[in-house]
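Chain and residue survey
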Amino acid sequence: MSALLHEFRATYAFMERNANLVKRYWTWELVWMTYSIANSLSVSYIGLGMERLGGGQNVDGRYLVLYLVIGTLIWRYLSMIFYWITEVISIERWEGTIEYTLMAPIRRLTHMAGQTFFAVVYSLLFTGVILMVTVALFDIDLSQANLFGGTAMLISGSLSFIGLGVMGSILPLLFPERGAQMTHVIIALLLLVSGVYYPIDVLPPILQKLAVFSPATYVLDGTRGALLQGLPTRELWQYAWPTLIMGIIAIPVGLWIFGQAERYAKRTGKLHRNG
Amino acid sequence: MSDAIIVHEVYKKFGKSKKWLDRVALFRRKKVNGKEEPAMSNGRLNGDHKPIVVAVDHVSFAVERGEIFGVLGPNGSGKSTLIRLIATLLLPDQGTIQVFGYDVVRQPREVQRLINRVSVEASFFKKLSPMENLIYGARLYGMAGADIRRRVVEILTRLGLEKHSIYKPMEEMSRGMQQKVAIARALLSQPKILLLDEPTTGLDPRSKREVQAVIRELNQDYGTTILLTTHDMLEADTLCERVAIIDGGKIVALDTPHSLKGSIPRNGHEPTLEDVFLELTGKQLVKEAED
């Protein structure tokens, strides 16, 4: 029981530390929020722009806006979870505290759980603010949308991105100088093949085949189905199960890979080097 | 008296040997000034290969329970590597290390519960306050919030920090104050063994004396076993019951400061530990930055 309590306290330690960091770096958070809102709005306005450029014929601007809004919001949420988790190492390398955290008597699962809980809560709140601004600027009609189903899809997609984040977090561990930047490659490839801003059938066949392996593909299809077409929740299962399975596999595999990488870093002395 | 730490034949090197390259003719030999040179000589790879550095070379010693044990050596002698090996932050290539009977490789979590470390760099989240940093550190060791806050104030004021600076960002504090917070972080978890890796390097004389007083108090009042690395001869002489002198990854002498000083000839004055070091290694101790 006391061992379990110890692990709970350690999990909370990471959540509380990250919350304190967000509080202390509030100006940066403000800048990041402004950037994210501007970015999401810019992409969403493409929908209205397409309507104008197409002369209003065969282009449903409102539908396009909602299509792009869903894409940007889901992508912001999932990529934010990914980045918070991959920063589990890079943030500590930057501050120089990595050795103190890794010599603490806690399980790596506890370490990752703390970072993950915070990542999910932070990403939900951050995306929520962007959503509110977007709804205020666009005349979005969600009367036919299945909001519960959309949220369920989003949460089911979180699992697989948590697993990918844990896998991605080994890069800053193994490559102190450039590891953090390498994580951008993973997110860029997922962005390309997942159909964030376009249906995946516009992609060449080879990329369409890769899209099958991206959990974001299913999350986007499912959420769009729920919000644009109002699909009932039970029909969303076809999109939910692949991403759930990916998550169930990716999280333990990610933790195992992280354990191997940590051992390698301890063998080669890579923990000490500050990138 | 039983042993707190047993280090047995520990060997640690850094850099890749790349022996597999030797099998490929292209990499086997390179020409230097028209002569063929082997890919490897004197334990170091030639050409563009990363050099192999033997940081700890078959080191053995034991630290008794409740002892202050010093490891003296110049920059790059392997002191910090030794501390990291005991702290489970590095894995030895050969040999074993036991902390109160627990093996650092096979039972790292048991070892981690018993130890804490203060290094030469006081590493913290610089935007966070000492209170926020110490709460984070203490929670990792299973302590509860209310208890931590009380103890943080207690320890930091004991170490001479003013109450208002406990809530200010670490980046606004002097190096000496940061180092005191680093010591407080280690004390919070009430370790059985404290690994101090040059804790007073870079501190002003007053801060240095305050830190040394805390080390002595911890050892005398709480029986904490202390492994202290330093290149401050006087610090080792006054604090440590026994001292190991390490050079090039090897222990060249291990005894009480008194016996070590008695082991070398008097040249018209009472020998110091620095004289002992010079006599044994022929090298000057560097008092600047750490390896």
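Source: prediction; values computed, not measured. (Residues numbered from 1 in each chain as written. Chains lettered and ligands numbered in written order. Predicted model: local features only at pLDDT ≥ 70, side-chain atom pairs only at ≥ 80, totals over all residues. Heavy atoms only, no water.)

Focus on empty space enclosed by the protein
Considering all chains together, one arrives at two cavities of 30 Å³ or more under this definition. Put simply, the largest cavity is a space of about 130 Å³. Listing elements by their share of the lining of the largest cavity, those giving two or more residues are α4 (98-102) of chain A together with α5 (130-140) of chain B. Classifying every residue of the lining of the largest cavity gives seven nonpolar, six polar and two charged. (1 Å grid on protein atoms, 1.4 Å probe; cavity = no way out; pocket = protein on both sides within 12 Å on 5 of 7 lines; lining within 4 Å. Points joined across faces, edges and corners; volume = space filled by probe spheres on them. Helix = DSSP H or I, 4+ residues; strand = E, 2+ residues; numbered from the N terminus. Nonpolar A, V, L, I, M, F, W, Y, C, P; charged D, E, K, R; others polar.)

With respect to the pattern of salt bridges
Enumeration according to the criterion identifies 22 salt bridges over all chains in this entry. For K266 of chain A, the salt bridge is made with E262 of chain A, and the minimal N-O distance between the two is 3.3 Å. You can see K266 of chain A and its partner E262 of chain A sitting in helix α11 (residues 237-268), four residues apart, about one turn around the helix. Comparing K266 of chain A with E262 of chain A shows no difference in burial state: the two are buried. Across the pair E210 of chain B and R206 of chain B runs a salt bridge, and its minimum N-O distance is 3.5 Å. Of this pair, E210 of chain B and R206 of chain B both sit in helix α8 (residues 205-222), four residues apart, which is roughly one turn of that helix. (Salt bridge = Lys/Arg side-chain N within 4 Å of Asp/Glu carboxyl O. Buried < 20%, exposed > 50% of the residue type's maximum accessible area, 1.4 Å probe, protein only.)

Quick notes on the nonpolar core
Residues F161 of chain A together with I5, V99, L140, L195 and L227 of chain B are the most contacted members of the largest nonpolar core, which totals 94 residues. Per-element tally for this core: the top contributor is helix α3 (residues 61-95) of chain A, with 18 residues. When neighbours within four sequence positions are excluded, I5 of chain B is seen to be in contact with F61, A62, V63, I86, I97, Q98, I193, L195 and L227 of chain B. Ranked by size, the runner-up nonpolar core spans 48 residues in total, among them M173, A186, A236 and L239 of chain B. (Core = buried A, V, L, I, M, F, W, Y, C linked by side-chain atoms within 4.5 Å. Contact = heavy atoms within 4.5 Å.)

Details of the sheet that holds strand β10 (residues 115-118) of chain B
Neighbouring strands of a sheet are bound in pairs by backbone hydrogen bonds; such pairs are parallel or else antiparallel. Residues and elements named next belong to chain B. If you trace the six strands from one edge of the open sheet to the other, you get β10-β11-β12-β7-β13-β14, paired in mixed fashion. Here the strands that pair on one side only, and so sit at the sheet edges, are β10 and β14 (250-255). Geometrically, the sheet is characterised by an average inter-axis angle of 15° between neighbouring strands, direction not taken into account. Where strand β7 (residues 68-72) and strand β13 (residues 242-247) come together, four bridges link them in parallel fashion. Residue pairing in the sheet places V71 in a bridge with A244 of β13. Seen against the sheet, helix α7 (residues 175-188) touches β10 and β11 (193-197) and runs at an angle of roughly 175° to β10. (Pairing = 2+ DSSP bridges. Axes fitted to C-alpha atoms, helices over the stretch in contact; angles between N-to-C directions.)

Remarks on a nonpolar patch on the surface
A grouping of W237, W241, I245, I249 and V253 of chain A is seen on the molecular surface, where their side chains present a nonpolar patch of about 510 Å² in accessible area. By secondary structure assignment, the location of I249 of chain A is in helix α11. (Patch = residues over 30% accessible without salt bridge, like charges linked within 9 Å, V, L, I, M, F, W, Y side chains within 5 Å. Areas by Shrake-Rupley, 256 points an atom, 1.4 Å probe, with all protein chains shown as cover.)

Let's talk about the interface of chain B and chain A
Listed as interface residues are 40 residues of chain B and, on the opposing side, 36 residues of chain A. With both chains or domains summed, chain B and chain A bury close to 3,500 Å², and 56% of this area falls on carbon and sulfur atoms. Together, F125, Y136 and L140 of chain B form the three largest contributors to the area buried by chain B at its contact with chain A, with a combined 19%. We note a salt bridge from E16 of chain A to R139 of chain B, for which the minimum N-O separation is 2.7 Å. Connecting chain B to chain A are 16 residue pairs in polar contact (both at pLDDT 80 or more). For the side of chain B that touches chain A, the secondary-structure elements that each account for two or more residues are β1 (3-14), α4 (108-114), β10 and α5 of chain B. Looking at the side of chain B that touches chain A, its residues break down into 19 nonpolar, seven polar and 14 charged. (Buried area = accessible area lost by both parts, 1.4 Å probe. Polar contact = N/O pair within 3.5 Å; in protein donor to acceptor, adjacent residues only side chain to side chain.)

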